[in-house]
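Summary of structural features
Listed below are the residues making up each chain.
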Amino acid sequence: LENKIKDYPNFDVRTPWKAYQDLKKQNPALFYYRSPKEFINEDDLNILPISGISKVKNFTNRENGYYPDYENDRYGFRNLDSEWDKELIEFVLIGDSYLMPTSLEASISENLRKNLKNNNGILTLAHGSFGTLYQYAILREYLPRVKAKRVVLFYFEANDLTNLSDELNNVKLSNYLNDKNYTQNLHLKQDIIDKMYIEKFKTSDEY
């Protein structure tokens, strides 16, 4: 911790839970980030979320010395919501937490946007702890919502194969592999997904 403070003069020394509680006093709607993978072992669900809670400020763990917060888009991903309204999406980026940096300004999507000479959109469809089957499910559910020129899939983590092994044991995720027409129509069920997050984590203090 001492080395971190030396590297980052404004290093926030609060524990994540303490920082979250302090910030929540200023913004009662602040939501502590949870990966959709938290639902993977619940076999009795009518739908399996593969995105986050929508249109809320998310609190995440400390990186680079501070605790970031950011607002999810209409489908619970980390984008400016207006990107979904663009007539053409230049890049759709699929991956895990590698694509979720502490600020949009530091993200791969924003760096791509700075080099575009047009007003085409860029979407990042990623969440922490996702393996390749979750990422494939995202493509199946959300890519049809836009007209995209390029899709880029990122695989960086050494645990991707472990994640895939867990994902193959989930019936709903396996359906995406076994049935080319399978869909949960999640874009029509975001209100249900939001309620699932609120219900599951409203009393949880295990951070």
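Everything here concerns the structure above.
Bear in mind that the values here come from a model prediction, so they are computed numbers and not experimental data.

1. Observations concerning the nonpolar core
- Counting residues in hydrophobic clusters, the biggest one holds 33 residues, and the most contacted among them are Ile50, Trp84, Leu125, Ile138, Tyr142 and Leu173.
- Once residues lying within four places of it in the same chain are set aside, the contact partners of Trp84 are Asp73, Arg74, Tyr75, Phe77, Asn79, Leu123, Leu125, Tyr142, Arg145 and Val146.
- Of all hydrophobic cores here, the second largest spans 10 residues; its members include Leu93, Leu99, Met100 and Phe154.

2. Observations regarding the sheet that holds strand β4 (residues 89–95)
- Read from one edge of the open sheet, three strands run β5-β4-β6, paired in parallel fashion. Both outer strands of the open sheet, β5 (121–126) and β6 (148–153), are each paired with one neighbouring strand and no more. Taking the axes of each pair of neighbouring strands and ignoring which way they run, one obtains an average angle of 15° across the sheet.
- Here β4 runs beside β5; their pairing, made up of six bridges, is parallel. Paired with Val92 across the two strands is Leu123, which belongs to β5.
- Of the strands in this sheet, β4, β5 and β6 are in contact with helix α4 (residues 132–142), which crosses β4 at around 145°.

3. Regarding the sheet that holds strand β2 (residues 57–59)
- Read from one edge to the other, the open sheet built from three strands follows the order β1-β2-β3, with strand pairing classed as mixed. Both outer strands of the open sheet, β1 (31–32) and β3 (69–71), are each paired with one neighbouring strand and no more.
- Across the sheet, helix α2 (residues 16–26) is in contact with β1 and β2; its angle to β2 comes to roughly 155°.

4. Digging into the packing of aromatic side chains
- In the structure shown here, the tally under the stated rule is 15 aromatic pairs.
- With a centroid separation of 6.0 Å and 45° between ring planes, the pair formed by Tyr197 and Phe201 is classed as tilted. Placement of both Tyr197 and Phe201 in helix α7 (residues 190–201) is noted, with a separation of four residues, approximately one turn of the helix.
- For Phe201, a relative accessible area of 9% corresponds to the buried category.
- Three or more aromatic residues joined by ring pairs form one cluster here, namely Trp17, Tyr20, Tyr32, Phe59 and Tyr67.
- In this structure, Arg78 packs its charged tip against the face of Tyr70, placed 3.6 Å from the ring centre.
- Over the face of the ring belonging to Phe39 we find Lys200, whose NZ or CZ atom lies 5.6 Å from the ring centre.

5. Side note on the pairing of β4
- Most of β4 sits out of view: seven of its seven residues are buried.
- Taken together, the five bridges between β4 and β6 define a ladder with parallel strand orientation. Paired with Ile89 across the strands is Ala148, a residue of β6.

Conventions adopted
- Residues numbered from 1 in each chain as written.
- Predicted model: local features only at pLDDT ≥ 70, side-chain atom pairs only at ≥ 80, totals over all residues.
- Heavy atoms only, no water.
- Core = buried A, V, L, I, M, F, W, Y, C linked by side-chain atoms within 4.5 Å.
- Buried < 20%, exposed > 50% of the residue type's maximum accessible area, 1.4 Å probe, protein only.
- Contact = heavy atoms within 4.5 Å.
- Pairing = 2+ DSSP bridges.
- Helix = DSSP H or I, 4+ residues; strand = E, 2+ residues; numbered from the N terminus.
- Axes fitted to C-alpha atoms, helices over the stretch in contact; angles between N-to-C directions.
- Phe/Tyr/Trp six-rings, centres within 6.5 Å; stacked < 30°, edge-to-face > 60°.
- Lys NZ or Arg CZ within 6 Å of the ring centre and 35° of its normal.

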